[in-house]
Amino acid sequence: MTNSLLAPRAAPFDLPDFAAVTDAEFAPAFETALAEARAQIDAIAANPAPPDFANTIEALELSGRALSDVLSVFFLFASVDSTPEREALQRAFSPKLAEFSSDVVLNAALFARIDALWQGRAALDLTPEQARLLEVKHRDFIRAGAALAEEGRARLRAINTRLAELGTAFAQNLLADERDWTMLLAETDLDGLPGFVIEAARAAGAERDGAGPVVTLSRSLIVPFLQFSPRRDLRERAWRAWVARGARGGATDNRAIVAETLALRAERAAVLGFDSFAAGKLETEMAKTPQAVRDLLMAVWAPARARAEADAAILEAMLAADGHPAPLEPWDWRYYAEKRRMAEHDLDEAALKPFLQLDRMIEAAFDCAHRLFGLEFTPLDVTLHHPDARAWEVTREGRHMAVFIGDYFARPGKRSGAWCTALRAQQKLADEIRPHVLNVCNFSRPAEGRPAFLSWDDARTLFHEFGHALHQMLSDVTHESLSGTSVARDFVELPSQLYEHWLEVPEVLERFATHAETGAPMPADMLTRLLGAAKFDMGFQTVEFIASALVDLDFHEGPPPADPIQREAEVLQAIGMPRAIGMRHATPHFAHVFSGGGYAAGYYSYMWSEVMDADAFAAFDEAGDPFDPETARALEAHILSAGGTAEPDALYVAFRGRLPGIEALLKGRGLDAAA
Ligand SMILES: [Zn+2]
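These notes cover the structure that comes with them.

Conventions used here
- Residues numbered from 1 in each chain as written.
- Predicted model: local features only at pLDDT ≥ 70, side-chain atom pairs only at ≥ 80, totals over all residues.
- Heavy atoms only, no water.
- Phe/Tyr/Trp six-rings, centres within 6.5 Å; stacked < 30°, edge-to-face > 60°.
- Helix = DSSP H or I, 4+ residues; strand = E, 2+ residues; numbered from the N terminus.
- Buried < 20%, exposed > 50% of the residue type's maximum accessible area, 1.4 Å probe, protein only.
- Lys NZ or Arg CZ within 6 Å of the ring centre and 35° of its normal.
- Axes fitted to C-alpha atoms, helices over the stretch in contact; angles between N-to-C directions.
- Parallel < 35°, antiparallel > 145°, perpendicular 65-115°, else oblique.
- Contact = heavy atoms within 4.5 Å.
- Nonpolar A, V, L, I, M, F, W, Y, C, P; charged D, E, K, R; others polar.
- Core = buried A, V, L, I, M, F, W, Y, C linked by side-chain atoms within 4.5 Å.
- Pairing = 2+ DSSP bridges.
- Left-handed = near helix turned anticlockwise from the far one by under 90°.
- Expected span 1.5 Å × (residues − 1).

1. A look at the packing of aromatic side chains
Step number 1: What the rule picks out here adds up to 34 aromatic pairs.
Step number 2: For the pair F366 and W392, a centre-to-centre distance of 5.0 Å together with 85° between the ring planes defines the contact as edge-to-face. Here F366, found in helix 16 (residues 358-373), pairs with W392, found in strand 4 (residues 390-396); they are 26 residues apart in sequence, far enough to count as distant. W392 carries the same exposure label as F366, and that label is buried.
Step number 3: An angle of 85° between the planes, with centres 4.9 Å apart, marks the rings of F590 and Y603 as edge-to-face. Separated by 13 residues along the polypeptide, F590 in the loop between helix 22 (564-575) and helix 23 (591-594) and Y603 in the loop between helix 23 and helix 24 (605-623) bring together distant segments of the chain. Of the two residues, F590 and Y603, neither departs from the other in class, the shared state being buried.
Step number 4: Ring pairs connect the aromatic residues F366, F377, W392, F404, F463, F466, Y499, W502, F617 and F620, which therefore count as one cluster.
Step number 5: For the cation-ring pair, R121 lies above W118, with the distance from its terminal atom to the ring centre recorded as 3.7 Å.

Next comes the structure, spelled out in structure tokens:
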């Protein structure tokens, strides 16, 4: 019987044949595709013909297609419907993949060909995109150790394999801790909770053993619980469980993994000749140096901390008025901030909720993409990886652009958080390939037959991930390695964070934020209060983010800490972390930084990107129209379609005519002097 993962695709638009995929197929498909990819690399390296761009760089681009197709399907299942079997497969695949990628970048014959092309590049007559690709490939090989002597290469290989195992273990431990913990609520414990939280808690309980409503560690459930539950004891229990993820002792504890990971990263950087892991990592980012990152974070830290301390005093007075002993604790902040929001802005999340229906917010995201970029979305009737998932064909003036898939609801076995991924990225090297783009979220599942509602935070997440999706769907480059979101880490959040701004455009909310039962648009005064409250609690949000970013930077800047948890405490002490605010991600569950190295010494990049997104949206303000066609065209031409075909600062300057300063960011967060 043929393996459906390796068979030619017969589903519409070349989608994977999800109806046919079985778990038993993953391992054999992986082995076959990996062997094929190895053979392709070996053939390029051993080619007797002298190296040229086509037989080396383009051949590399076109290699490994079957492997990436198999892996994109496997990792989708492993991240959105994890099971013990799939976790075991992932543990088996990850060291083999790390070894393969080491074998490619440390292949001396292959590097000799790339290096020869690089040295002779002036005579190659390359297009700008080809020249950029050669530069990026050569740089990637050097940064992976290709130019080192054999001893250094062997050590890097061992480090990479071990780091891959550690990253997988970190993520799986976290998932286990999130899956295992629930807090059963008695009927009286529901007092004071708004209907949507009760509904979500009942749905989560029904999905498990059905013993009654539960609080889980899913952000979409625990955050509203912390916001609304008047029970200080229950909030404390929930909060302590939430921040203990990855640090509960026993088999799923991540603390030793963190220490070993940091030591290996520091050693790796030293072998490659960098001053530190952070110095090496940032060299190819827009920020370039650890100092540039620290300068940005500290410039925003001071006003953010001052705002948070002033807010803490107000919240502590509210706590005292409720008859509770001081001090204000981290499990109190969200509850009293919500009360204050209702008092000062008269904005009640529970009253807002019926206006934020998931389906209407999806329509809003689509409609903005239509007005800005002419995209149209038609529902597709195809079998996907899970019954929750939905697909649309994306077209422009009748031309097929992409398939967009949304998988929105939390469920056991789904990794927490929200993300965007391409099952296939855009390219047109050998043939025209349009992307398959997926948004995954963890919104609370509605009760049977009821519409799904979002919090304001959820709605922002929806727009955020859709911004990433646009970066993939509008991509128009030749080479997959430069396509879509294949850009510097501190640039990749620009399209996503920029797109969040359209959710706040009044005419968008007027049209799409309609009441689930009456269909009435959001009342004008609620809209005004909602937009007015956008800067509310920004001291808290900025502080929890920067604390995480500074700990991440510190971990990777000097010698690795023997005890990362103690170092974390020292960093927080040094910056004067307000006691009632926790880090957005504490070290034992800081998946951005430890389940793989993608955001290691890179968590700052959300704020780096925010400097740009605030400044970029100001371009629409300056044009006097949030849908200004000229500005939208420039945005697509220089950023959304351009992928990584140029350095990020060059792309930004092409769009805006200059680099951004931090003024728009401070203003957007209400942290500027005028606020
Ligand atoms: Zn993002």
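On we go from here.
2. Side note on the packing of helix 13 (residues 290-321) against helix 14 (residues 330-345)
Angle between the axes and distance between the axes are the two parameters that describe a pair of packed helices.
Step number 1: Direction vectors running N to C along helix 13 and helix 14 enclose 85°, while the axes themselves pass 10 Å from each other. As far as their axial angle goes, helix 14 and helix 13 are roughly perpendicular. For the pair helix 13 and helix 14, contact is made by A308, D311, A312, I314, L315, M318 and L319 and by D332, W333, Y336, A337, K339 and R340, respectively.
Step number 2: Each residue belonging to the contact of helix 13 with helix 14 can be placed in one class, and the counts come to nine nonpolar, no polar and four charged.

3. Focus on the nonpolar core
Step number 1: Among the nonpolar cores identified, the biggest contains 134 residues, and W333, F466, M473, Y499 and W502 are the most heavily contacted of them.
Step number 2: Once residues within four sequence positions are removed from consideration, W333 is found in contact with A308, D311, A312, L315, L328, D537, F540, A580 and I581.
Step number 3: Counting 55 residues, the second largest nonpolar core, distinct from the first, contains L106, L133, V403 and V440.

4. Overview of the environment of D525
Step number 1: Tracing the sequence through the fold places D525 in helix 20 (residues 524-532).
Step number 2: A relative accessible area of 45% places D525 in the partly exposed class.
Step number 3: Taking the C-alpha atoms as reference points, D525 and W456, separated by 69 residues in sequence, lie 16 Å from one another.

5. Quick look at the side chain of H479
Step number 1: Take H479: it is sitting in the loop between helix 17 (456-473) and helix 18 (489-503).
Step number 2: Residues in contact with H479, not counting those within four places in the same chain, are F53, E61, E129, Q130, L133, Q427 and L429.

6. Here's the deal with unusual backbone geometry
Step number 1: Cis geometry marks the peptide bond from A326 to P327; its omega dihedral reads 0°.
Step number 2: Here P327 lies in the loop between helix 13 and helix 14.
Step number 3: Backbone geometry at D14 places phi at a positive 65°, although glycine is not the residue there.
Step number 4: With respect to the helices and strands, the residue D14 is situated in the segment before helix 1 (23-46).
Step number 5: For D14, a relative accessible area of 37% gives the class partly exposed.

7. Digging into the sheet that holds strand 4
Step number 1: Overall, mixed pairing links the five strands, which are arranged 3-4-5-7-6 in an open sheet. One side of each edge strand has no neighbouring strand; the edge strands of this open sheet are strand 3 (376-380) and strand 6 (419-424). On average, each strand axis in the sheet is inclined to that of its neighbour by 30°, with strand direction left out of account.
Step number 2: Two elements, strand 3 and strand 4, share five bridges in a ladder whose sense is antiparallel.

8. Examining the packing of helix 24 against helix 25 (residues 629-640)
Step number 1: It is the contact of helix 24 with helix 25, at a shortest axis distance of 9 Å, that shows an interaxial angle of 155°. When the axes of helix 24 and helix 25 are compared, the pair comes out roughly antiparallel. For helix 24 against helix 25, the interelement crossing comes out right-handed. Residues A619, F620 and A623 of helix 24 form the contact with helix 25, whose participating residues are T631, A632 and L635.
Step number 2: Classifying every residue of the contact of helix 24 with helix 25 by side-chain character gives five nonpolar, one polar and no charged.

9. Quick notes on helix 1
Step number 1: Helix length check: helix 1 (24 residues) gives 36 Å between terminal C-alpha atoms against 34 Å at 1.5 Å per residue, within 8%.
Step number 2: Residues of helix 1 that are buried include every one of E25, F26, A29, F30, A33, L34, A37, I41, I44 and A45, and no others.
Step number 3: The elements touched by buried residues of helix 1 are helix 2 (53-62), helix 3 (65-80), helix 4 (84-105) and helix 5 (108-119).

10. Quick look at the pairing of strand 7 (residues 436-443)
Step number 1: For strand 7, a buried count of eight out of eight residues is recorded, marking the element as mostly surrounded by other parts of the structure.
Step number 2: The side-chain alternation of strand 7 yields two buried faces, one formed by H436, L438, V440 and N442 and the other by V437, N439, C441 and F443.
Step number 3: Summarising the sheet, strand 6 and strand 7 pair through five bridges and their orientation is antiparallel. Along strand 7, the bridge assignment pairs C420 with N439.

11. So, the pairing of strand 4
Step number 1: Most of strand 4 is tucked away: five of the seven residues are buried.
Step number 2: The pairing of strand 4 with strand 5 (residues 399-409) spans seven bridges and is classified as antiparallel. The residue of strand 5 that forms the bridge with R396 is R399.
Step number 3: Between strand 4 and strand 5, which pair antiparallel one after the other, the connecting turn spans two residues, and E397 there sits at a positive phi close to 45°.

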